[in-house]
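# A structural walkthrough
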Amino acid sequence: MSLWVDKYRPKTLAQLSYHKDITQNLQALSKSGDFPHLLVYGPSGAGKKTRIYATLHAIFGVSVEKLKIDVKTFTTPSNRKLEFNVLSSPHHLEITPSDMGNNDRVVIQDLLKDVASTEQVDFGNQSSKRHRFKVVIINEADSLSRDAQAALRRTMEKYSSNIRLILVCNSISNIIAPIKSRTLLVRIPSPSVAEISLILHDVAQEEKVKFSSTDQQALTGFYEQVATVSNRNLRRALLAFETICMQNETINVKQMHSVIVLDWELIIRNMAKSISTTRNVANLAKLRTATYELLSHCIPARTILKGLLFELIKLEKGKTKLIAEIVKIASIFDERLSLGTKSIFHIEGFIAKSMVAIDDLS
């Protein structure tokens, strides 16, 4: 039995119920004979990947849903062999080169060169005749190293007749200008609270969810509560709604339902409180252990840094100078994270500098 977030994921552009103007533009692009490279960006849970796959469905048909995972082997300049997972269909590949750290350039050069040097041969339908190219989806494009992005730029120029790239990221601030100039930028904003409420309402009807009241205003208030607590993240809102439904046979719409907070989010929240209240070497050592724990459980370093920053801003609310200084410190260490290899050093550096800033400006 699949989760509701997967069960009710739209498969086609026509099924998408929000951001109609973006949907119409993607529909027009899919029908045009000149499909460009895309840079799709926006916050988590806004529907970036859903829209991308719906666009591929419009171009190539249902065959893009026939997915398989291949393991590719790459050799680094130092003769190290690296294994890398590639999700693929007959018409596209999906990769996350940033998983390879500083070796992402090798993946970009070897894999894309291999894909681009092979022309599409399946011209059985009219769609394929118009689109004689393979699509490569690159996740977390903003985490690519500068070398990898430079290699990507050269690939885009050399093999543009055989491949189209779709870069996916949350922010384009780390994407180099030559790549931005060679792609069509598509921003997918978070859906509004009202739009998420309508989607939750439709899911509730499909699943025949029982509520304590049939009053439309009360039901709307409940849906809006879930959407707001989920920070307008549609994926998270659907997961939270399903969790509430599993825990309650009949949902009391007038009661405040607690949305589950993930363990790693709770750890980051407690770390921020500790930074704000206890500023000494002993606490810094404790926070280092907590950071190691998060990194060992595959929580990205940038996510930890961003989480700590936002939690500190909440805790130090009203202290304008202090908040400005903490944001400045975070931006410095965010850049160092993208340039360095030992994430723990940079996160610990941010924590230590934030402690000093709180001492100086509080």
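About the thresholds
- Note on numbering: residues in each chain are counted from 1, in written sequence order.
- Owing to the predicted nature of the model, reporting of local features is limited to residues with pLDDT of at least 70; listing and counting of side-chain atom pairs is limited to 80 or more, with chain, interface and lining totals taken over all residues.
- Side-chain metrics in this entry use all non-hydrogen atoms of the structure; hydrogen atoms and water are not considered.
- Only strands that DSSP links by at least two bridges are regarded as paired with each other.
- Per the convention used, a helix needs a DSSP run of H or I reaching at least four residues, while a strand needs a run of E reaching at least two, with both numbered from the N terminus.
- Each axis is a line fitted through C-alpha atoms, and for a helix only the stretch in contact is used; angles between axes span 0 to 180 degrees, taken between their N-to-C directions.
- Here, a salt bridge means any side-chain nitrogen of Lys or Arg that lies within 4 Å of a carboxyl oxygen of Asp or Glu.
- The rule is simple: take the accessible area with a 1.4 Å probe, protein chains only, and divide by the maximum for that residue type; under 20% is buried, over 50% is exposed, in between is partly exposed.
- Here a cavity denotes a set of grid points, spaced 1 Å apart and computed over the protein atoms alone, in which a 1.4 Å probe fits but from which it cannot get out, and a pocket denotes an open set meeting protein on both sides within 12 Å along at least five of seven lines; residues with an atom within 4 Å of a point are reported as lining.
- Grid points are joined across faces, edges and corners, and a volume is the space filled by probe spheres set on the points.
- Each residue is assigned to one of three groups, with Ala, Val, Leu, Ile, Met, Phe, Trp, Tyr, Cys and Pro labelled nonpolar, Asp, Glu, Lys and Arg labelled charged, and all others, Gly among them, labelled polar.
- Whether two residues are in contact is decided by their heavy atoms: any pair within 4.5 Å suffices.
- Annotation comment: domain bounds sourced from an automatic or database domain assignment.
- Stacked, edge-to-face and tilted are the three classes for Phe, Tyr and Trp ring pairs, Trp counted by its six-membered ring, which pair at centre distances within 6.5 Å; planes under 30 degrees apart are stacked, over 60 edge-to-face, the rest tilted.
- In our convention, an over-ring charge means Lys NZ or Arg CZ found within 6 Å of a ring centre and within 35 degrees of that ring's normal.
- Two N or O atoms count as a polar contact when they lie within 3.5 Å, although within protein this holds only if one can serve as hydrogen donor and the other as acceptor, and sequence-adjacent residues are included solely when both atoms are side-chain atoms.
- We call a crossing left-handed when the near helix sits turned anticlockwise from the far one by less than a right angle, and right-handed when that turn is clockwise.

Attention now moves to the sheet that holds strand S6 (residues 163-169). Reading across from one edge, S2-S3-S4-S5-S6-S1-S7 is the order of the seven strands in this open sheet, with mixed pairing throughout. Looking at strand neighbours, the two that pair on one side only are strand S2 (68-75) and strand S7 (184-187), the edges of this open sheet. Shown here is a sheet whose adjacent strand axes are inclined to one another by a mean of 25°, direction ignored. The pairing of strand S1 (residues 38-41) with S7 spans four bridges and is classified as parallel.

Before going further, it helps to examine the pattern of salt bridges. Using the criterion set out here, one finds ten salt bridges in the structure. Linking Lys-49 and Glu-94 is a salt bridge whose minimum nitrogen-to-oxygen distance equals 2.6 Å. Here the residue Lys-49 occupies a position in helix H3 (residues 48-60), and Glu-94 occupies one in strand S4 (residues 92-95), the gap between them amounting to 45 residues. For Glu-265, the salt bridge identified is with Arg-236, shortest N-O distance 2.6 Å. Highlighted residues: Glu-265 in helix H11 (residues 263-277) and Arg-236 in helix H10 (residues 234-247), separated in sequence by 29 residues. Owing to a relative accessible area of 25%, Arg-236 belongs among the partly exposed residues under this scheme. In the salt-bridge network here, residues are joined through shared partners; they are Arg-269, Glu-311 and Lys-314.

For the structure shown, the criterion picks out one cavity of 30 Å³ or more. In this structure, the largest cavity encloses a volume near 50 Å³. What lines the largest cavity is Leu-26, Leu-38, Val-40, Lys-48, Arg-51, Ile-52, Thr-55, Val-186 and Ile-188. Of all the elements in the fold, those that place two or more residues in the lining of the largest cavity are S1 and H3. Ranked by residue count, the leading element in the lining of the largest cavity is H3, at four residues. Across the lining of the largest cavity, the residue classes tally to six nonpolar, one polar and two charged.

Take the side chain of His-346 next. Assignment of secondary structure puts His-346 in helix H15 (residues 343-361). Leave out the neighbours within four places in its chain, and His-346 touches Phe-333, Arg-336, Leu-337 and Gly-340.

The next thing to look at is the domain arrangement of the protein. According to the domain assignment, the protein consists of domain 1 (4-121 + 129-187), domain 2 (193-247) and domain 3 (263-361). Domain 1 and domain 3 are separated by 32 Å when their C-alpha centres are compared.

With that settled, consider the packing of aromatic side chains. As enumerated under the stated definition, the model contains eight aromatic pairs in all. Consider the rings of Phe-35 and Phe-133, whose centres lie 6.1 Å apart with planes at 15°: the pair is stacked. Here the residue Phe-35 occupies a position in the loop between helix H2 (20-31) and S1, and Phe-133 occupies one in the loop between helix H5 (126-130) and strand S5 (134-138), the gap between them amounting to 98 residues. On the basis of relative accessibility, which here comes to 0%, the residue Phe-35 falls in the buried class. What makes Phe-133 buried here is its relative accessible area of 3%. The cationic tip of Arg-164 hangs over the ring face of Phe-133; the distance from NZ or CZ to the ring centre is 4.7 Å. Cation over ring: Arg-336 sits above Phe-333, and NZ or CZ is 4.9 Å from the ring centre.

Let us now look at the side chain of His-91. As for its position among the elements, His-91 is in the loop between strand S3 (81-88) and S4. There is a polar contact of 2.9 Å between the side chain of His-91 and the side chain of Ser-63.

In this section: the packing of helix H12 (residues 281-296) against H15. Close contact between H12 and H15 brings their axes to 10 Å; oriented N to C, the two are set at 140°. Handedness of the H12/H15 crossing: right-handed. Along the contact surface, H12 presents Asn-283, Leu-284, Leu-287, Arg-288, Thr-291, Tyr-292 and Leu-295, while H15 presents Ser-343, Ile-344, Ile-347, Glu-348, Ile-351, Ala-352 and Met-355. Looking at the contact of H12 with H15 residue by residue, the classes come out as nine nonpolar, three polar and two charged.

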